[in-house]
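Observations on the model geometry
Below, each chain spelled out in residue letters.
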Amino acid sequence: MTLAPMPGAYAATTPRIDLRLLVVDDGGPAVGAIVAELDSTGVPYTRIDLAASGRPTIAAGFLSDTLNGAPRAKFQAVVMPSESPAGLSSDELTALASYEAQFGIRQVDAYTYAGASVGLNWGTLPGAYAGTLDGVQAQVTAAGKSGPFGYLEGGVTFEDNSPSVSESYGYIATPLAQQAAGATFTPYVDAPIPGTDTRGSLVGEYAHDGRRELVVTFVYNAYQRQYRQLARGIVEWATEGIHLGYDRNYFALHVDDVFMSDDRWDTVLKCTPGDVTCPPGSNPEEHPSRMTVADAQYLKQWQQDHNFKVDLAYNGGGSEDFKADGDGTDPLAVQMIADQSAYRWINHTYQHQFLGCVQDTTVVPWRCTTNASGQTVWTSQADITSQITNNRTWAANNGLTAPDQTELVTGEHSGLVTNPQQPTDNPYLAPSVNSTGTRWLASDSSREHDQRAVGNALTVPRYPLNVFYNAAKTVEEVDEYNWIYTSRAQGGSGICEDNPATSTCLPTPLDVNTGYADYIVPLESRLAVNRAINNDPRPHFVHQSNYAEDRIAYPVMEHILAEYDGLYASNTPLVNLRQKDIGVELQRRAAWKNAVNSGQVTAYRIGDTVTVSAPSGVLAEATMPTGTVQKQLIGSTAFGSAYAGQLSGWVGPGLTQVNVTLKLPAGEVPAQTALKAVRTAIAKTVASLPVPKGVKSPVPAGPTASGTTLNKLTSKSTASTSTATKGGTRSTRSTR
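All of the points below concern the structure found in this document. Note that the structure is predicted; figures quoted are calculated from it, not measured. Going along each chain's sequence as written, the residues are numbered from 1 onward. Local features in this predicted model are restricted to residues whose pLDDT is 70 or higher, and side-chain atom pairs enter the listing and the counts only when it is 80 or higher, whereas totals over whole chains, interfaces and linings include all residues. Computation of side-chain values covers all heavy atoms of the structure but excludes hydrogens and water.

1. As for the pattern of salt bridges
Rules: Each reported salt bridge corresponds to a side-chain nitrogen of Lys or Arg within 4 Å of a carboxyl oxygen of Asp or Glu. Classification of residues uses two cut-offs on accessible area relative to the type maximum, computed with a 1.4 Å probe and protein chains only: under 20% is buried, over 50% is exposed, and between them is partly exposed. Helix and strand definitions follow DSSP, with helices as H or I runs of at least four residues and strands as E runs of at least two, each counted in order from the N terminus.
Counted according to the given criterion, the structure contains 38 salt bridges. Note that D49 is salt-bridged to R47, the shortest N-O span being 3.8 Å. Classification of R47 by relative accessible area gives partly exposed; the value is 43%. In this structure, the salt-bridge partner of D330 is R290, at a minimum N-O distance of 2.8 Å. Separated by 40 residues along the polypeptide, D330 in the loop between α7 (316-325) and α8 (331-338) and R290 in the loop between β17 (253-258) and α6 (293-306) bring together distant segments of the chain. Neither D330 nor R290 differs from the other in exposure class; each is buried.

2. Description of the state of the cysteines
Heads up, the condition is: Pairs of cysteine sulfur atoms within 2.5 Å are what we label disulfides.
Inspection of the entire model under this criterion finds 3 disulfides. Paired through a disulfide, C357 and C368 show a sulfur-sulfur distance of 2.1 Å. Across the S-S bond linking C357 and C368, the dihedral sits near -75 degrees, which makes this disulfide left-handed. Placement of the pair is C357 in the loop between β19 (344-347) and β20 (359-360) and C368 in strand β21 (residues 367-368), with a sequence separation of 11 residues.

3. Let's talk about the environment of H559
For clarity, the threshold we go by: Two residues form a contact once any of their heavy atoms are found within 4.5 Å.
Relative to the assigned elements, H559 resides in helix α14 (residues 553-565). By relative accessible area, which is 31% here, H559 ends up partly exposed. Not counting the four nearest positions on each side in its chain, H559 is found in contact with V521, P522 and S525.

4. A short note on α7
Buried within α7 we find G316, G317, G318 and S319. Along its buried surface, α7 packs onto β18 (311-314), α8 and α9 (381-397).

5. Here we look at the sheet that holds strand β15 (residues 218-219)
Neighbouring strands of a sheet are bound in pairs by backbone hydrogen bonds; such pairs are parallel or else antiparallel. The test is simple: At least two DSSP bridges between two strands are needed for those strands to be called paired.
Read from one edge to the other, the open sheet built from 3 strands follows the order β8-β11-β15, with strand pairing classed as antiparallel. Of all the strands in the sheet, the pair left with one neighbour each is β8 (129-131) and β15. Examined bridge by bridge, β8 and strand β11 (residues 169-172) share 3 bridges and lie antiparallel to one another. Bridge pairing links G131 to G170 in β11.

6. Observations concerning unusual backbone geometry
Between V364 and P365 the backbone carries a cis peptide bond, its omega angle lying at -5 degrees. In this fold, P365 is placed in the loop between β20 and β21. Backbone torsion omega between N419 and P420 reads 5 degrees, so that peptide bond is classified as cis. Looking at where P420 falls in the secondary structure, it is placed in the loop between β22 (407-408) and α10 (429-435). Phi at H352 takes a positive value of approximately 60 degrees, unusual for a residue other than glycine. Residue class for H352 comes out buried when judged on its relative accessible area of 1%. Even without glycine at this site, R551 takes up a positive phi of about 55 degrees. Topologically, R551 is positioned in the loop between β26 (540-543) and α14.

7. A look at the sheet that holds strand β2 (residues 21-25)
Let me state the cut-off plainly: Whenever a helix is involved, its axis is fitted only over the stretch in contact; in every case the axis is a line through C-alpha atoms, and angles between N-to-C directions fall within 0 to 180 degrees.
Strand order in this open sheet of 9 strands is β3-β2-β6-β7-β14-β13-β12-β9-β10, and the pairing throughout is mixed. Of all strands in the sheet, those with a lone pairing partner are β3 (45-49) and β10 (155-157), marking the two edges. The average undirected angle you get between the axes of adjacent strands in this sheet is 20 degrees. Of the strand pairs in this sheet, β2 and strand β6 (residues 77-80) are connected by 3 bridges, and their pairing is parallel. What sits directly across from V23, in β6, is V79. Taken strand by strand, helix α3 (residues 90-103) contacts β2, β6, β7 (106-109) and β14 (211-216), and its axis lies near 145 degrees from that of β6.

8. Topic: the side chain of T502
Threshold: Throughout this description, a polar contact denotes any pair of N or O atoms lying within 3.5 Å of each other; where both atoms belong to protein, one of them has to be capable of donating a hydrogen while the other can accept it, and for residues adjacent in sequence the pair is counted only when both atoms sit in side chains.
By secondary structure assignment, the location of T502 is in the loop between α12 (495-498) and α13 (515-532). Its relative accessible area of 6% is what places T502 among the buried residues. Only 2.9 Å separates the side chain of T502 from the backbone oxygen of N499, close enough to count as a polar contact.

9. Overview of α8
When α8 is considered as a whole, its buried residues turn out to be L332, A333, Q335, M336 and I337. Buried residues along α8 sit in contact with β17, α6, β18, α7, β19 and α9.

10. Focus: the packing of aromatic side chains
Let me state the cut-off plainly: Two rings from Phe, Tyr or Trp (for Trp, the six-membered ring) form a pair when their centres sit within 6.5 Å of each other. Planes less than 30 degrees apart are called stacked, planes more than 60 degrees apart edge-to-face, and all others tilted.
Per the stated rule, a full pass over the model turns up 27 aromatic pairs. Ring plane angle 70 degrees and centroid distance 6.1 Å describe the contact between Y314 and W345, whose orientation is recorded as edge-to-face. Remark: W345 occurs in strand β19 and Y314 occurs in strand β18; sequence separation between them is 31 residues. Comparing Y314 with W345, the two get one shared label, buried. With a centroid separation of 6.0 Å and 90 degrees between ring planes, the pair formed by Y343 and W345 is classed as edge-to-face. A single burial state applies to Y343 and to W345, both of which are buried.

Remember that the coordinates give geometry; whether it matters functionally is a separate question.
This is the structure we're talking about:
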């Protein structure tokens, strides 16, 4: 069929391409996953819900027009459920095909059959495969490595977390031996076709009729590891590496309670002496855990060996308590302060005092003390302020000059909302934050995932690892883990019985000798890496006790780094930011998201020039090819920083400028197509494709019936974990 040309006299005019994606959404998980990636990375898009009554009709005028006498493409790429989804009319499909061919716009087929309409052999024929992909070991091809997936190390393993739930489905097929005239198919990610010696495509590019489609022949959701690895490349392919928004992989680790002595889990009492849940008379000071000089030296050397720096959240009062209980000296503090440049330092308050309501610990769980009028009794502003300033004074007196005075971690994140007992902030927290110049206040992401204001400060949510503050030995960690996550009949807390949504429940207790290395370490690593590769800069936290005695933090840290290195190429390293910089990143993202969602951002490319307009004071985030520069009133300056084979970062207008202007290198400017009528064939409507249970609903975390296989470990499942079971959450706390 011959398609009518788009409106306007285009022949001799370079078109304007708006930097916005068109997403045609059928409500399926694959399109939903791509939308989640666009949201996470700040890429503007227009979404058409195929199920919505009164939705816009996709016609020539919806896709393009003429602006100031020049042709304008309103979308730089199109995301479709498949090459020809139900819900779009033949006229709409024709309009899309014509638009893509005439403006050189790429299309992502989020999940479709392997078949001739996308340049592949039918997935149901001999020599191809259709079925579950659980556990399949896919691989980025040479074309994928030199193209959109060059940031990956190579392997892409499909999740297989539960033997009883199908978690994937797809088609592995070879390209047609005889393509249509002028058509080609290039596999980017392939896998072995079961029962053969042949590899078939799972993700590939189908070029035909002047158009390019990224053909994905498996279904996925936004949380599955295989998709998380490929998400960046899907967006980069669609946009040809020129788009608003950017993506990084992040991991930072805070070590709380440095210079303190942490209480210890009692494997007989099944509680922590000194805690409100422990029997009266149990003594928390009999066996506290605290790092030694040797532990400090080990940490410093480990950082050098692994090229990774931790943040130390310090309590000066802990050092003074140690001196008072001993000979008046603290060799640990002397050693770590001498090595202070090896770390980043954060004020964790002087004595780790609970800064929320005054706790009534005569009941379990504790409650807020009230006065005779029934009003909550709060820790005073004077006490909060002194905890902040006394720690600073201690640092200065002891030669610790490295801490950033704008950063603060309160003990147990206290002063902030602590549900269910304390549903509001301590009203004296914000005034203390303001008076001390605190601008970046740590919070617990398992309680409050989003950044918010507290006085003049903004929160920096942190993820607790299930490496418990009261465990310095492996046996303590596993014993407490078993108690929390097993049933009452098995000697556990019963929290999983009371809260079925808890994501880390155990059918049987872990072996105290092997359970840490075989289960807890890989599980916590999987959770942390999943967050890291989800463009999430929020830090994780553990405690100084985890670096003492058995040094149980190191297996988790090493597993995280090794697991990540096995997934990503060296041009895509983990980004390790300090608390202040994470706070700034989250703040900028919120401002950018608000500007994009309110229609205050305009961006387009004309030839080799990209122009971005955003509200005054709002920085834009963008990703561009290597060699891109920012044009200034006079000359040009560097843009962004190198990551994953491209340049990306935050950018604002230059001096006296209103807009951001970026100039692309000559070799990276997308080829301009001939803006004229094209001839193409419209595929038949793609029927509904299989979507297994494990894609519709992520498999909950935890072991299988065998007690050895890890189930789904995603950021989504983590969010359902009961706050009370988090490794960094405590009901009460000894200050020593």
